[in-house]
Amino acid sequence: AHTSFVVLRVRVTRGPRARVGALDVTGVGPADRLICLRRVRLRSGQFLRPGDLRDSREQVAAVFGDRGHAFVRVTVLRRLHPGGRLLDLTFRVTPGPVAKVGAVRIRGASRTGTQLVRRGILLRPGDRYHRTRLRRAITRLRRNGAFRRVTLTERRLGPRRVGLTVTVVERPSR
């Protein structure tokens, strides 16, 4: 068999670091705007680090996800000041409707049984969606030692329903 290789070199030159300029949240009322701004860990004047935008977008989404808005969308609008060292950020929120949990599927729990996983999820069909509660439940399942991997997949079942699939990979028995 003939094998070919291509060597690709990319030189990256880091430009000047940007600082956070103005922060704002749009698409929500004044009270929710303040709540979101408090949850965002960015502050005007601080240097922007990798992951800051993703983490901040997640914090804003969690505010509404914890109120049942399973399909919340948060987009970050960026405006770079002349000179490229100051970046204004606006988090545009589209909450979407409050959703209820639909079907909860468990996959991969053959030896441990689905009941162990189902008990750990904390949300049942018909319950109001709650983002943080689901994230905590998945973290607890990962830490219980029975599973090598735990993943949660959410799927839209309709305008106000979200289906959950928890897939586990069990650890080998001793």
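Structural data are supplied above this passage.
In every chain, residue numbers begin from 1 and rise along the written sequence. Thresholds applied to this predicted model are a pLDDT of at least 70 for local features of residues and 80 or more for the giving and counting of side-chain atom pairs; totals over whole chains, interfaces and linings are not thresholded and use all residues. Hydrogens are left out, water is left out, and the side-chain values use all remaining heavy atoms of the structure.

### Observations regarding helix H1 (residues 30-39)
So, point 1. Buried, partly exposed and exposed residues are distinguished by accessible area as a fraction of the type maximum, computed with a 1.4 Å probe on protein chains only: under 20%, between the cut-offs, and over 50%, respectively. Think of it this way: any DSSP run of H or I at least four residues long counts as a helix, any run of E at least two long counts as a strand, and we number them from the N terminus. Restricting attention to buried positions, one finds in H1 the residues Asp32, Cys36 and Leu37. Each buried residue of H1 sits inside an arc of 135° when the element is viewed along its axis, so together they form one side. Exposed residues lying more than 90 degrees from the buried face of H1 are Pro30, Ala31 and Arg38.
So, point 2. Note on contacts: a residue pair is in contact if any heavy atoms of the two residues lie within 4.5 Å. The inward-facing, buried residues of H1 contact strand E1 (19-26) and helix H2 (52-65). As used here, the arc belongs to the directions running from the helix axis to the C-beta atoms.

### Regarding the pairing of strand E3 (residues 86-94)
So, point 1. Two strands pair if DSSP finds at least two bridges between them. Note: E1 against E3, six bridges, orientation parallel. Looking at the pairing, Thr26 lines up with Arg92 of E3.
So, point 2. The pairing of strand E2 (residues 73-80) with E3 spans eight bridges and is antiparallel. Bridging from a neighbouring strand, Leu80 pairs with Leu87 of E3.
So, point 3. Taking the residues between adjacent antiparallel strands as the criterion, E2 and E3 are bridged by five residues, where Gly83 takes a positive phi near 100°.

### Thoughts on H2
Count 3.6 residues to each turn of an α-helix, and residues three or four apart come out pointing the same way.
So, point 1. Helix span, as expected, comes to 1.5 Å for every residue beyond the first. Over its 14 residues, H2 runs 19 Å from end to end, which matches the ideal 20 Å to within 8%, given 1.5 Å per residue.
So, point 2. Within H2, ten of the 14 residues are buried, leaving the element largely enclosed by the surrounding structure.
So, point 3. Here H2 has its buried residues at Asp52, Leu53, Ser56, Gln59, Val60, Ala61, Ala62, Val63, Phe64 and Gly65.
So, point 4. In this structure, the buried residues of H2 make contact with H1, E2, E3 and helix H4 (131-143).

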